[in-house]
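Each chain is listed here by its residues.
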Amino acid sequence: MTDQTAAVEAVDLRMRYGFRSGTVLDGCSFRLPAGSISALVGPNGAGKSTLLAIAAGLRRPTGGTVRLLGGVPGENRERVAFVAQNKPLYPQLTVAGTLRLGAELNPGRWDQDAAENIAYGGGAEPKAAVRKLSGGQRTRVALALAFGKRPELMLLDEPMADLDPLARHQLTGALMAQAAEHGTSIVMSSHVVAELESCCDHLLLLSSGRVQLGGTCDEIVEAHSRLTGTGEDFGSHEVVEEQGSGRGRTALVRPDGKPDTGVWDVEQPSLEEIFLAHLRNPAAPALVTGSVAPATSAREAAI
Amino acid sequence: MLGRVIEYRIDRHSGVATYLQIVKQTKQAMRLGLLEPDDKLPTAREVVEATAVNPNTVLKAYRELEREGLVEARRGLGTFVRKSLSGASTDSALGRELSQWMERVRADGLDREGAVALFHAALDKEFPEVEQR
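The residue numbering used here restarts from 1 in each chain and proceeds along that chain's sequence as written. A letter from A marks each chain and a number from 1 marks each ligand, given out in the order of writing. Restriction of local features to residues with pLDDT of at least 70 applies here, the model being predicted, together with a cutoff of 80 or more for giving and counting side-chain atom pairs; totals for whole chains, interfaces and linings are based on all residues. Excluding hydrogens and water, the side-chain figures rest on all heavy atoms present in the structure.

## Observations concerning the UniProt feature "domain: ABC transporter" (unreviewed entry) in chain A
1) Next: UniProt positions are given in the numbering used here, feature names are shortened, and annotations may be inferred rather than shown by experiment. UniProt tags residues 8-233 of chain A as "domain: ABC transporter" (unreviewed entry).
2) Next: A run of H or I in DSSP counts as a helix once it spans at least four residues, and a run of E counts as a strand once it spans at least two, with each numbered from the N terminus. Here residues 8-233 of chain A is 31% helix and 28% strand, with 40 Å between the C-alpha atoms at its ends.

## Looking at the domain arrangement of chain A
1) Next: What counts as a domain boundary in this text is fixed by an automatic or database domain assignment. The domain boundaries assigned to chain A delineate domain 1 (6-91 + 150-217) and domain 2 (225-268).
2) Next: Taken over C-alpha atoms, the centre of domain 1 of chain A sits 34 Å from the centre of domain 2 of chain A.

## Focus on the pattern of salt bridges
All names here are of chain A.
1) Next: Within this document, salt bridges are pairs made up of a side-chain nitrogen of Lys or Arg and a carboxyl oxygen of Asp or Glu, the two lying within 4 Å of each other. Taken as a whole and assessed by the stated rule, the structure comprises 16 salt bridges over all chains.
2) Next: The partner of Asp26 in a salt bridge is Arg14, with the nearest N and O atoms 3.2 Å apart. Of this pair, Asp26 sits in strand E2 (residues 23-33) while Arg14 sits in strand E1 (residues 6-16), and the two are 12 residues apart along the sequence.
3) Next: The buried label applies to any residue whose accessible area, calculated with a 1.4 Å probe on protein chains only, is under 20% of its type's maximum; exposed applies above 50%, and partly exposed to all values in between. Residue class for Asp26 comes out partly exposed when judged on its relative accessible area of 26%.
4) Next: For Arg150, the salt bridge is made with Asp111, and the minimal N-O distance between the two is 2.9 Å. Placement of Arg150 in the loop between helix H4 (135-148) and strand E6 (153-156) and of Asp111 in the loop between helix H2 (95-105) and helix H3 (112-120) is noted, with a sequence separation of 39 residues between them.

## Things to note about the sheet that holds strand E13 (residues 264-267) of chain A
All names here are of chain A.
1) Next: DSSP-based pairing: two strands are paired if at least 2 bridges between them are found. Strand order in the open sheet formed by four strands is E11-E12-E10-E13, and the pairing between neighbours is antiparallel. Every interior strand has two partners, whereas the edge strands, strand E11 (238-245) and E13, have only one. Direction aside, neighbouring strands of the sheet carry axes that sit 20° apart on average.
2) Next: Here strand E10 (residues 225-229) runs beside strand E12 (residues 248-254); their pairing, made up of five bridges, is antiparallel. Within the sheet, the bridge partner assigned to Leu227 lies in E12 and is Ala251. Angles run from 0 to 180 degrees between N-to-C directions of axes, and those axes are lines fitted to C-alpha atoms, restricted for helices to the stretch in contact.

## Some remarks on the environment of Ala295(A)
Residue and element names in this part refer to chain A.
1) Next: Here Ala295 is to be found in helix H9 (residues 295-302).
2) Next: In this structure Ala295 comes out as buried when scored by relative accessible area, which is 13%.
3) Next: Note: C-alpha distance between Ala295 and Arg31 (264 residues apart in sequence) is 7.6 Å.

## Structural notes on empty space enclosed by the protein
Residues and elements named next belong to chain A.
1) Next: Lining residues are defined by having an atom within 4 Å of a point belonging to a cavity or pocket. Those points lie on a 1 Å grid over the protein atoms alone, cavities being sets where a 1.4 Å probe fits but cannot get out and pockets being open sets with protein on both sides within 12 Å along at least five of seven lines. Grid points are joined across faces, edges and corners, and a volume is the space filled by probe spheres set on the points. Scanning the model with the defined rule gives one cavity of 30 Å³ or more in all.
2) Next: In this model, the largest cavity occupies a volume close to 60 Å³.
3) Next: Val8, Phe30, Leu32, Leu40, Leu51, Leu52, Ala55, Leu155, Val187 and Leu204 are the residues that line the largest cavity.
4) Next: Breaking the lining of the largest cavity down by element, the ones donating at least two residues are E2 and helix H1 (48-55).
5) Next: Among the elements that line the lining of the largest cavity, the one with the most residues is H1, at three residues.

## Comments concerning the domain arrangement of chain B
Where interface size is quoted, it is often the accessible area lost as the parts come together.
1) Next: By domain assignment, chain B separates into domain 1 (18-86) and domain 2 (90-126).
2) Next: The distance between the C-alpha centroids of domain 1 of chain B and domain 2 of chain B comes to 30 Å.

## A look at the confidence of the model for chain B
1) Next: A residue's pLDDT is the predictor's confidence in that residue, given on a scale from 0 to 100. Across chain B, the average pLDDT comes to 87, with 90% of residues at 70 or higher.
2) Next: The weakest mean pLDDT in chain B belongs to helix H4 (residues 93-107) of chain B at 88; the strongest belongs to helix H3 (residues 55-67) of chain B at 96.

## What to know about the packing of aromatic side chains
1) Next: Between the rings of Phe, Tyr and Trp (Trp by its six-membered ring), a pair exists once the centres lie within 6.5 Å; its type follows the angle of the planes, with under 30 degrees stacked, over 60 edge-to-face, and the other angles tilted. Taken as a whole and judged by the stated rule, the model has one aromatic pair over all chains.
2) Next: Both rings, one in Phe234(A) and one in Trp264(A), keep their centres 4.6 Å apart while their planes meet at 15°; by these two values the pair is stacked. A residue pair is termed long-range when its members are at least 10 positions apart, and Phe234(A) in the loop between E10 and E11 and Trp264(A) in strand E13 qualify at 30 residues.
3) Next: By relative accessible area, Phe234(A) is classed as buried at 6%.
4) Next: Residue classification places Trp264(A) among the buried positions, given a relative accessible area of 6%.
5) Next: Between Lys60(B) and the ring centre of Tyr19(B), over which it is positioned, the NZ or CZ distance is 4.2 Å.
6) Next: One cation-aromatic arrangement involves Arg74(B) over Phe80(B); the distance from NZ or CZ to the ring centre is 4.2 Å. Remark: a charge is flagged as sitting over a ring if the NZ atom of Lys or the CZ atom of Arg is within 6 Å of the ring centre and within 35 degrees of the ring normal.

Rendered as C-alpha cells:
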C-alpha cells in the first residue's frame, strides 16, 4: 500500500438520522488520492450531501471513520474548504464584507485577488447586499470564499447547479486552473455525470448509501463493454444491464477476459452510459478498483 | 513569436478523446504555420482555465506531442515547438498545386464528393496507414 496521504478516505462509514428514518450511508468505503479531481455522483437521496457534510465535520457519522488529508474531520479546517448545496452566507453582509470576513477568518492564507475574480466575475457589485444577489451571483460569492482560502482540498456539493452554462464553464475552468497550479484536491457532487466527465479524473457513484462504482474514469470505462450478438448467453461476463435487440441480445457487461469477437460485436460504452446503466440497475454488484480501495480495508481483507 | 497563444476547442460530443483533440489541433496549427519552432504552447493552467478540462488531459496531450518529437518541455519555461510541419501550408508550392488540381476537377464536372473520393483514393494509395482515432 502507498504511504501517500489520501485527500479523503472513508472506511465503513454509516449514517442514519434517528430510528424512524432509513439508513443514509450503509458501509461506505473508498479512498480518493491527494491531487485527484473526483466526481461524487448518484441519484437523489443516495447520500452524497450527507457524505460531504460528514467529511466537512458538520455531522457525526453513526459508525465508521473518515479522514481528510490524514486528519479527522474538523482537525484540518484551515486546509479544507466546503461549499454546501444551499450556499449559506450572511444575507445582510455586502459582497465586499463577505470577502473581508473570509480574509479575517483565514489569516495568513487568504488570496484576495483569487476571491475577487470569482465573486465579481458575474457582475455583482462589491457594495451589493448578499440577500439581493441572484442565485448565480450567490454561488459565485460562496465559491469565492472557498477559492480565497487557497485550500488543499475543496468539498463542493452541487456547486454549479444555479449557474448558467457560460458561468458553469468559467467556474469549472477556474477550478481546473486552481488544481493545475496548486495541486488542489477537489471532490464535487452532481447528478449530471456528463458535465463532470471531462473535468474529473476519479468517479464515485453512490447508490443507497454504498459505493457502487469507484475508480479513475479511465479504469471504470475500461472495465465495461457493450456486447451485441446472437450468442446463447453472456457466459462468465458479468451483466450490468441487458436489453432486447431484435433477434439478438445486447448488454453492458464487465467482461471476464477478452470477449469473443467472433460471437459478439464489442463496443466501448461512454462513462455516461455506464453511469445510467448502474442507476437503472442499483442491484448490480459494486466495482471499486484498486486506486480508490481504502488501504485499511485492503489490510483487513488480507488478514 | 506569435502575438497570441493557440486556443484549443474541445468538442465533448465528438467521440474523440479530449487529449487527442488537443494533439490534433496542435499538429494542425503546426501544419498551417500557425505554430513554428520555438513558439511556446500555452501552459496546462491556461488551457484548463479556458477549456474546463482536467489538467491531466492536457499533460497527456503534451506528453504525446513530446513522444512524437514535435515539442519539448523546457524546465521552468514551458513547452515549446521543436519541428516545423508547415511545409504543408496552403501557401506552399504543393498547396498551390493541389488548389490547381481542385480547379481542374471542378472544370471536369465533378462535384465535391467526387473530388473527396478521388483525393482519398490517392491518399490511401500513397499513405496506407490507418488514421488514428
